[in-house]
Amino acid sequence: MPTIRVAKPEDIDDLAPLVDGYRQFYRQPSDPEGARRFLLQRFERQDAQLLIALDDGGSAVGFVQLFPVPSTTSLGSRWILNDLFVVPEARRAGTGSALLQAARNLAAEHGMTQLMLRTQTDNVAAQSRYQALGWQRDESFHTYLLSV
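Because the structure is predicted, anything quoted here is derived from the model rather than measured. Sequence order as written defines residue numbering, which begins from 1 separately in each chain. Thresholds applied to this predicted model are a pLDDT of at least 70 for local features of residues and 80 or more for the giving and counting of side-chain atom pairs; totals over whole chains, interfaces and linings are not thresholded and use all residues. Based on all heavy atoms of the structure, the side-chain values leave hydrogens and waters out of the count.

**Some thoughts on the nonpolar core**
In terms of nonpolar packing, the biggest core is built from 37 residues, with Leu15, Phe63 and Leu66 touching the most fellow members. Per the convention used, a helix needs a DSSP run of H or I reaching at least four residues, while a strand needs a run of E reaching at least two, with both numbered from the N terminus. Among the secondary structure elements, those contributing two or more residues to this core are α1 (12-25), α2 (32-45), β2 (49-54), β3 (60-71), β4 (76-86), α3 (95-109) and α4 (124-132). Contacts are residue-level and defined by heavy atoms, with any inter-residue pair within 4.5 Å sufficient. Apart from the residues lying within four places of it in its own chain, the contact partners of Phe63 are Leu15, Leu18, Val19, Tyr22, Leu50, Leu51, Ile52, Asp83, Leu84, Phe85 and Leu99. Only buried Ala, Val, Leu, Ile, Met, Phe, Trp, Tyr and Cys residues count toward a nonpolar core, and they belong to the same one when joined by side-chain atoms within 4.5 Å. Here the term buried applies to any residue with accessible area under 20% of the maximum for its type, exposed to any over 50%, and partly exposed to those in between, with areas from a 1.4 Å probe on protein chains only.

Written out as structure tokens, the structure is:
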């Protein structure tokens, strides 16, 4: 089972290839330096929570990134689980589930009452994992995007 912990700025060299792999999974061009800059901004601005998964040898094999969002309807905040990635060789070994559980625990520690996420409609493997862990699909709202 992987070790999951809160990421630190010193982890950027381990996180950047994971973020780049995540982007490539979503059909974006490889940009390791851009991933590094993006992570550096997150740590400098302290506007995200990052968890890193390490295998038994201490190699980074996955990450979760969470962003806070105010909620007018609940008069509180929730976190968006914006990014979840596990390297292919560590998949189906419980790493993704461990990251999701760690995200839930961290959210509870910070007083969040809700986590939310989006996934591609054809990512059936991820959807079944989310549902198995108690996540419920929102049937009440549609997501719309506008490029500006």
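Picking up where we left off.
**As for the pairing of β3**
Judged by how many residues are buried, β3 sits mostly within the fold: 9 of 12 residues are covered. Pairing between strands is defined by DSSP: at least two bridges between them are needed. Relative to β3, β2 runs antiparallel, the two being bridged by 6 bridges. Across the sheet, residue Leu50 finds its bridge partner in β3, namely Gln65. Connecting β2 to the antiparallel partner β3 that follows it, the hairpin turn spans 5 residues, and Gly58 within it adopts a positive phi of roughly 90°. As defined by bridge partners, β3 adjoins β4 across 10 bridges and the pair is classed as antiparallel. In the sheet register, Val64 faces β4, and the bridge partner there is Leu84. Taking the residues between adjacent antiparallel strands as the criterion, β3 and β4 are bridged by 4 residues, where Leu75 takes a positive phi near 55°.

**Looking at the pattern of salt bridges**
Working definition: two side chains of opposite charge can pair if their charged atoms are close together. We define a salt bridge as a contact between a side-chain nitrogen of Lys or Arg and a carboxyl oxygen of Asp or Glu at a distance within 4 Å. Here the structure, examined in full by the defined rule, presents 4 salt bridges. As a salt-bridge pair, Asp11 and Arg5 come within 2.8 Å of each other at their nearest N and O atoms. Here Asp11 falls in the buried class, since its relative accessible area comes to 5%. Here Asp13 ties to Arg36 by a salt bridge, and the two come within 2.5 Å at their closest N and O atoms. With Asp13 in helix α1 and Arg36 in helix α2, the pair connects residues that are 23 residues apart, well separated along the chain. Looking at Asp13, the relative accessible area reads 54%, which means it is exposed.

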